[in-house]
Amino acid sequence: AEPDSGRLDLDGLRIVVTAGGTREPFDPVRFMGNRSSGKQGMAVAAAAAVRGAIVTLIAANIGTDAVPDGIAVIDVSTTLELEKAVQTAAGQADVVIMAAAVADYRPAQVRQGKIKKEATGDRLTVEFVVNPDILAELSAAKHEGQTIIGFAAETEPDPATLLELGRAKIARKGCDFLVVNNVGWKTGFATDDNDVVVLNRAGDIVMEVSGSKLSVADRILDATLTGV
Ligand code: CTP
Ligand code: CA
């Protein structure tokens, strides 16, 4: 595909993008979170807006000062907040892109006061309960003509196994496309570059791309929305 300068090929398309990582508090001062920087999701939102889309960014615990004007930003923190925001926004959306790293579990109870070491002793056990799978819910509830795109972060060095994990995941989620990337201690999170494989519902590879998160964002939009 050609560089995207000046093309308005997503003109008027209503796109909801989630970005960042949810946090689950267990007392007033502590939470369980993840290392998602939100960069890839913000890049997707920015690239879509440049191409004429009407973009809503649901931002989980990321600084949004750098988000271009014209993108509506909704700040959330926990998974349940993100779920509510994205479900509300999805009703009017042509496309939902779940780039956020959503906490799989949240503490079973949130304490009113902080956990005190003196009362707890040498070990602390926190019980977690599973969070709703927002992507699966959106996919099950999607309306005619709507496109639902998931992201999968895996820590699998072997490319063939990575692909198998991706195929199993898109089958489980029921979304239209899954953007699979490998994350590790050094790659994927907080970096400016990314390396992804895009799968369709049938599990076929529709694109493999690496480069800056902004260029990867454009290519993801090409592969999923314009069929390029
Ligand atoms: N996701 C979601 N709700 C959750 C967990 C994940 O909507 N409770 C979404 C993420 O936003 C992402 C996709 O599902 O778009 C895949 O997330 P991932 O963590 O890779 O998949 P899981 O199904 O949680 O599997 P696991 O973490 O065990 O690999
Ligand atoms: Ca997960």
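About the thresholds
Residues numbered from 1 in each chain as written. Chains lettered and ligands numbered in written order. Predicted model: local features only at pLDDT ≥ 70, side-chain atom pairs only at ≥ 80, totals over all residues. Heavy atoms only, no water. Donors = N, O, S within 2.8 Å, 3.2 Å for Na, K, Ca; no water. Helix = DSSP H or I, 4+ residues; strand = E, 2+ residues; numbered from the N terminus. Pairing = 2+ DSSP bridges. Axes fitted to C-alpha atoms, helices over the stretch in contact; angles between N-to-C directions. Patch = residues over 30% accessible without salt bridge, like charges linked within 9 Å, V, L, I, M, F, W, Y side chains within 5 Å. Areas by Shrake-Rupley, 256 points an atom, 1.4 Å probe, with all protein chains shown as cover. Salt bridge = Lys/Arg side-chain N within 4 Å of Asp/Glu carboxyl O. Expected span 1.5 Å × (residues − 1). Buried < 20%, exposed > 50% of the residue type's maximum accessible area, 1.4 Å probe, protein only. Arc of directions from axis to C-beta. Contact = heavy atoms within 4.5 Å.

Asker: Sorry if this is basic, but what is going on with the coordination of the calcium ion (ligand 2) here?
Answerer: Ideal values differ by geometry: the angle at a metal is 109.5 degrees with four tetrahedral donors, but 90 or 180 degrees with six octahedral donors. Around the calcium ion (ligand 2), the protein contributes the donor atoms Asp104 (OD) and Asp104 (OD), which lie 2.5 Å from the metal centre. Secondary-structure assignment places Asp104 in the loop between strand E6 (95-98) and strand E7 (105-107).

Asker: What is the right way to look at the sheet that holds E6 in this model?
Answerer: In a beta sheet, neighbouring strands pair by backbone hydrogen bonds and run either parallel or antiparallel. Read across the sheet, eight strands follow the order E5-E4-E1-E6-E9-E10-E11-E12 without closing on themselves; strand pairing throughout is mixed. One side of each edge strand has no neighbouring strand; the edge strands of this open sheet are strand E5 (72-76) and strand E12 (205-212). Between one strand axis and the next, the sheet turns through 15° on average, direction left out of account. Across four bridges, the pairing between E6 and strand E9 (residues 147-154) is parallel. Bridging from a neighbouring strand, Val95 pairs with Thr147 of E9.

Asker: What's the story with a nonpolar patch on the surface in this structure? I'm lost.
Answerer: Together, Tyr105, Phe128 and Val130 give the surface a local cluster of nonpolar side chains, amounting to about 290 Å² of exposed area. Relative to the assigned elements, Phe128 resides in strand E8 (residues 128-130).

Asker: Mind showing me how you'd approach helix H5 (residues 159-173) here?
Answerer: The α-helix winds at 3.6 residues per turn, so residues separated by three or four positions along the chain end up facing the same way. In this model, H5 (15 residues) spans 21 Å end to end at C-alpha, consistent with the 21 Å of a helix rising 1.5 Å per residue. Listed in full, the buried residues belonging to H5 are Leu162, Gly166, Lys169, Ile170 and Lys173. Buried residues along H5 cover an arc of 95° about the axis, so they all sit on one side. Looking at H5, the residues exposed on the side facing more than 90 degrees away from the buried face are Ala171 and Arg172. The inward-facing, buried residues of H5 contact helix H4 (134-140), E9, strand E10 (177-182) and strand E11 (193-200). Following H5 by one or two positions, Gly174 has its phi on the positive side, about 80°.

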